[in-house]
Amino acid sequence: MAQCLRGKAAAAAGASAPWWRRAASASYHHTIQAVPRETSGPRAAARERRHGRVPAVLLTLAGAAPGSGVAHRKLLTADRKQLVEMVKQSPYFLSTPVRLQVRAGERSNAVVHAGTVLPIKVHRDESTGHILNLVMVQADEGTMLKVNLPVEFKGESACPGLKKGGFLQKIRTSLVYLCPAEHIPPKIEVDLANLDVGDRVLMHDISVHPSLKLLSKNETMPVCKILASKPVESETKTLQDLKS
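The name an unreviewed UniProt entry gives the protein is Large ribosomal subunit protein bL25 beta domain-containing protein, with Urochloa decumbens as the organism.

Next up, the structure:
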C-alpha cells in the first residue's frame, strides 16, 4: 500500500513538471526550451533568475548578410538547469547551431515558435559563474553569420618539432569567419603532425568549407609556431600586444 502511494505521489510530481523535463530524450541536450517573456529590465531579469530561469533574447537579422541590422528582438526565458546542462555537454556551445522551441507557457506543450538558432553570448556572474543572460540569433538556412570559431590544435604527439624538444606557441585561439548558417563548424582544427622546428601555420593555410570566408585584415598572420624553446615572458607579452 505504501509503495502504491509513493508511486502515485511520484507520478503526480512528474505530471506537475514541464513536459520537456518529464520526457527523457536526447532532445533535452540539443533543443533549447523557452517561453515568451513580457517584460525586460534589471528587476524583471532578477525575478526570472530567482525562479530558476535565465532571461534570453532571440535576434532575427533584417537581411541574409551581416550588416543588415536586427529586424526583431524576441524576449524569452530559458530554464536554467537545462541551459547549464547544455553548456556543460558542449564545449563549443557558442559555435554550434541548436534547435529552439518556444512554448506558449511554462506548463504548456503548445509550440508557438521553432527553428534553428546560434547562441552568440552567454553572460555569467563574475563571482559565481552562474549564467545570467543568453543571446541567440536566428540561424535559418542561407543566413550568413559572423562566427568566432575556437581553434583546436591536434597531432601534437606526432609533431616532429615537438619530438625534438620544441615548443608550440599558440598565437590565435579563435578565428572569425563569415559562415552560412548550415555550414557553421563547431571548431577550426590545426594539424601539427608535419610541423618541424621553425614551421608555422598561417591563417590562410587552414582548410575550411569553401563557403566560409575568413574575416581578417591580414590572412598571412600566423596561428601558431613551433619554436626551438619556450620564449621568455617579455617576448610573449609583445606578441600578445601585437595580436590585440
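So that's the structure; there's more coming.
Peer 1: Got a minute to help me understand the overall build of the protein in this structure?
Peer 2: A count of helices and strands for the protein gives six helices and 13 strands. Expressed as a percentage of the 244 residues in the protein, the buried residues total 34%. For the protein, long-range pairs separated by at least 24 residues make up 67% of all intrachain contacts whose partners lie at least 6 apart in sequence.

Peer 1: I'm lost on the sheet that holds strand β1 (residues 31-36) in this one. Help?
Peer 2: What holds strands together in a sheet is hydrogen bonding between their backbones, with the strands either parallel or antiparallel. Strands sit in the order β1-β3-β2-β6-β5-β4 around a closed barrel of six strands; the barrel is mixed. Pairwise comparison of adjacent strand axes, ignoring direction, gives a mean angle of 45° for this sheet. Looking at chain direction, strand β2 (residues 53-61) and strand β3 (residues 70-79) are connected through nine bridges and run antiparallel. Residue pairing in the sheet places valine 54 in a bridge with alanine 78 of β3.

Peer 1: Could you clarify how one ought to interpret the pattern of salt bridges in this entry?
Peer 2: A pair can form between side chains of opposite charge whenever their charged atoms are brought close. For the structure on display, the rule yields five salt bridges. For lysine 187, the salt bridge identified is with glutamate 152, shortest N-O distance 2.9 Å. You can see lysine 187 sitting in the loop between β9 (174-180) and β10 (188-191) and its partner glutamate 152 sitting in strand β7 (residues 144-154), a full 35 residues away along the chain. Given the relative accessible area of 23%, lysine 187 is considered partly exposed. Residue glutamate 152 is classed as partly exposed on the basis of its relative accessible area, which comes to 27%. Among the charged side chains, a network of salt bridges with common partners joins Glu152, Lys154, Lys187 and Glu189.

Peer 1: Would you explain the nonpolar core in this entry?
Peer 2: Among soluble globular proteins, nonpolar side chains are generally buried collectively. One finds Tyr177 and Val190 to be the most contacted residues of the largest nonpolar core, which totals 30 residues. Of all the secondary structure elements, the ones that give two or more residues to this core are β6 (131-138), β7, β9, β10 and β13 (222-227). When residues of this core are assigned to their parent elements, the largest contribution, five residues, is made by β7. For valine 190, the contacting residues outside a window of four places in its chain are Val151, Glu152, Phe153, Lys154, Val201, Ile206, Val223 and Cys224. Val54, Leu76, Ala78 and Val87 belong to the second largest nonpolar core, which has 18 residues in total.

Peer 1: Got a minute to help me understand the pairing of strand β4 (residues 98-103) in this structure?
Peer 2: Each regular strand carries side chains that alternate between the two faces of the sheet. With four bridges connecting them, β1 and β4 associate as parallel partners. Bridge pairing links glutamine 33 to glutamine 101 in β4. Pairing analysis gives six bridges linking β4 to strand β5 (residues 111-124), with the strands arranged antiparallel. Counterpart to arginine 99 in the pairing with β5 is threonine 116.

Peer 1: Before we go on, may I ask you to explain the pairing of β1 in this structure?
Peer 2: A large share of β1 lies buried, amounting to five of its six residues. Two strands pair when backbone bridges link them, and β1 and β3 are joined in this way by three bridges, in the antiparallel orientation. Along β3, the bridge assignment pairs proline 36 with leucine 76.

Peer 1: Please explain helix α3 (residues 42-50) as it appears in this structure.
Peer 2: Since one α-helical turn is 3.6 residues long, residues separated by three or four positions face the same way. Those residues of α3 lying buried are Ala44, Ala45 and Glu48. Across the axial projection of α3, the buried residues extend over an arc of 100°, all falling on one side. In this structure, α3 carries Pro42, Arg43 and Arg50 as exposed residues pointing more than 90 degrees from its buried face. Looking at the packing, one finds that the buried side of α3 touches β2 and β3. Looking at the residues trailing α3, positive phi occurs at glycine 52, about 80°.

Peer 1: I keep staring at the environment of leucine 212 and nothing clicks. Help me out?
Peer 2: With respect to the helices, strands and loops of the structure, leucine 212 is situated in the loop between β11 (200-202) and β12 (213-214). Placed 36 residues apart in sequence, leucine 212 and valine 176 show a C-alpha to C-alpha distance of 9.9 Å. In contact with leucine 212, other than residues within four places in its own chain, are Leu149, Tyr177, Leu178, Cys179, Pro180, His183 and Pro185.

Peer 1: Please explain the sheet that holds β9 as it appears in this structure.
Peer 2: Pairing in this open sheet of four strands is mixed, and the strands run β10-β7-β9-β12 from one edge to the other. Each end of this open sheet is capped by a strand with a single partner; those strands are β10 and β12. Looking at chain direction, β7 and β9 are connected through seven bridges and run antiparallel. Of the residues in β9, the one forming a bridge with leucine 149 is leucine 175.

Cut-offs used in this document
Residues numbered from 1 in each chain as written. Predicted model: local features only at pLDDT ≥ 70, side-chain atom pairs only at ≥ 80, totals over all residues. Heavy atoms only, no water. Helix = DSSP H or I, 4+ residues; strand = E, 2+ residues; numbered from the N terminus. Buried < 20%, exposed > 50% of the residue type's maximum accessible area, 1.4 Å probe, protein only. Contact = heavy atoms within 4.5 Å. Pairing = 2+ DSSP bridges. Axes fitted to C-alpha atoms, helices over the stretch in contact; angles between N-to-C directions. Salt bridge = Lys/Arg side-chain N within 4 Å of Asp/Glu carboxyl O. Core = buried A, V, L, I, M, F, W, Y, C linked by side-chain atoms within 4.5 Å. Arc of directions from axis to C-beta.

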